[in-house]
Amino acid sequence: MKYTIASFFLFFFLLSCSSNDDPIVDPEPPIGPDGLVWSDEFDTNGSPSSDNWNYDIGNGEYGWGNNEEQFYTRSNATVEDGVLKITAKRETYRGFEYTSSRLKTQGRFSFTYGRVEVRAKLPEGRGTWPAIWMLGDNITSVGWPECGEIDIMEHKGNNPGVTSSAIHNNSGYGDTPYVYFLNRVNDVSTNFHTYGLNWTKDKIEFSVDDVVHYTYNPANKNANNWPFDKPQFIILNVAMGGSLGGNISDFFTKSNMEIDYVRVYKD
């Protein structure tokens, strides 16, 4: 999620937002008949399940390392009628002009290798920056980017319809060269699409609606370009402004990222 930031700043912000009090992650659950090992279908109205999700709260260091303008809260994430809604809104709160939410499975669920599917409808409005992404469990011990980051989907409201997928590691981070921008899909904010990841010991494939658009597969894997042999956790958020979100519209009031489900499969 971090295309233009300094690794020094992000290292400290991620350490600050990762609590040592998080519960210990249980071993990965058994593989179901269809390969499903973990999911959230968001079937119960109210707050997202605390068994599956915890939160980053506040604005972090240097706007979460990206000069982002929102203050993250728990209350901006709700489940209604089978859909998780992460709402970014313009409101004055604790000295900030915008609020939103960032949910993560850190301390609840992580995995090594597998297939991820997230069916989502993206927010609209200049300055919105939704993301579906992952970080290595070992971020609290080795820092970023050594832990590895996998950006399944990012979208900026200033360039509607163009989503991106990316990799960050010691061989490419911040303004990473390992990024692909998908051709314009005009209905990302009006219809649901499935944003996918297929992660094996050999490669990482990114897809939208089951069509692969980018594959990361370094020829000579080493610690610098392939930290992706260890568990990672899932993050869902909507940022406002910042290095990728850009200028926020004067007319922006609020918008949602709606998520129908998050599913993780293994063969």
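Details of the structure are given in the entry above.
Since this is a predicted model, take the numbers as computed values, not measurements.

### What to know about the sheet that holds strand E7 (residues 102-104)
And then number 1: Ordered by their spatial adjacency, seven strands build an open sheet running E2-E7-E16-E9-E10-E11-E12, and the pairing between neighbours is antiparallel. Each end of this open sheet is capped by a strand with a single partner; those strands are strand E2 (54-56) and strand E12 (179-181). Pairs of neighbouring strands in the sheet enclose a mean axial angle of 15 degrees, with direction left out of account.
And then number 2: Alignment of strand E11 (residues 163-168) against E12, held across three bridges, turns out to be antiparallel. Paired with Ser165 across the strands is Tyr180, a residue of E12.

### Here's the deal with empty space enclosed by the protein
And then number 1: Under the definition given, this model contains two cavities of 30 Å³ or more.
And then number 2: Estimates place the volume of the second largest cavity at around 30 Å³.
And then number 3: Contributing to the lining of the second largest cavity are Thr163, Leu182, Val185, Val188, His193, Tyr195, Val208 and Asp209.
And then number 4: Grouping the constituent residues of the lining of the second largest cavity by class yields five nonpolar, two polar and one charged.

### Here we look at the pairing of strand E8 (residues 114-121)
And then number 1: Within E8, six of the eight residues are buried, which leaves the element mostly enclosed by the surrounding structure.
And then number 2: Sheet analysis places E8 next to strand E13 (residues 193-199), joined by seven bridges and oriented antiparallel. Among the inter-strand pairings, Arg115 is bridged to a residue of E13, identified as Asn198.
And then number 3: Here seven bridges tie E8 to strand E17 (residues 254-265), and the two strands are oriented antiparallel to one another. When the sheet's bridge partners are listed, Val118 is paired in E17 with Val262.

### What to know about the pattern of salt bridges
And then number 1: Throughout the structure, instances matching the rule amount to 10 salt bridges.
And then number 2: Where Lys85 meets Glu80, a salt bridge forms, and the shortest distance between an N and an O atom there is 3.4 Å.
And then number 3: Taking the shortest distance from any N to any O, the salt bridge between Asp229 and Lys230 comes out at 3.0 Å.
And then number 4: With a relative accessible area of 40%, Asp229 lands in the partly exposed category.
And then number 5: Shared partners join several salt bridges into a network, and the residues in it are Asp56, Arg102 and Lys104.

About the thresholds
- Residues numbered from 1 in each chain as written.
- Predicted model: local features only at pLDDT ≥ 70, side-chain atom pairs only at ≥ 80, totals over all residues.
- Heavy atoms only, no water.
- Pairing = 2+ DSSP bridges.
- Helix = DSSP H or I, 4+ residues; strand = E, 2+ residues; numbered from the N terminus.
- Axes fitted to C-alpha atoms, helices over the stretch in contact; angles between N-to-C directions.
- 1 Å grid on protein atoms, 1.4 Å probe; cavity = no way out; pocket = protein on both sides within 12 Å on 5 of 7 lines; lining within 4 Å.
- Points joined across faces, edges and corners; volume = space filled by probe spheres on them.
- Nonpolar A, V, L, I, M, F, W, Y, C, P; charged D, E, K, R; others polar.
- Buried < 20%, exposed > 50% of the residue type's maximum accessible area, 1.4 Å probe, protein only.
- Salt bridge = Lys/Arg side-chain N within 4 Å of Asp/Glu carboxyl O.

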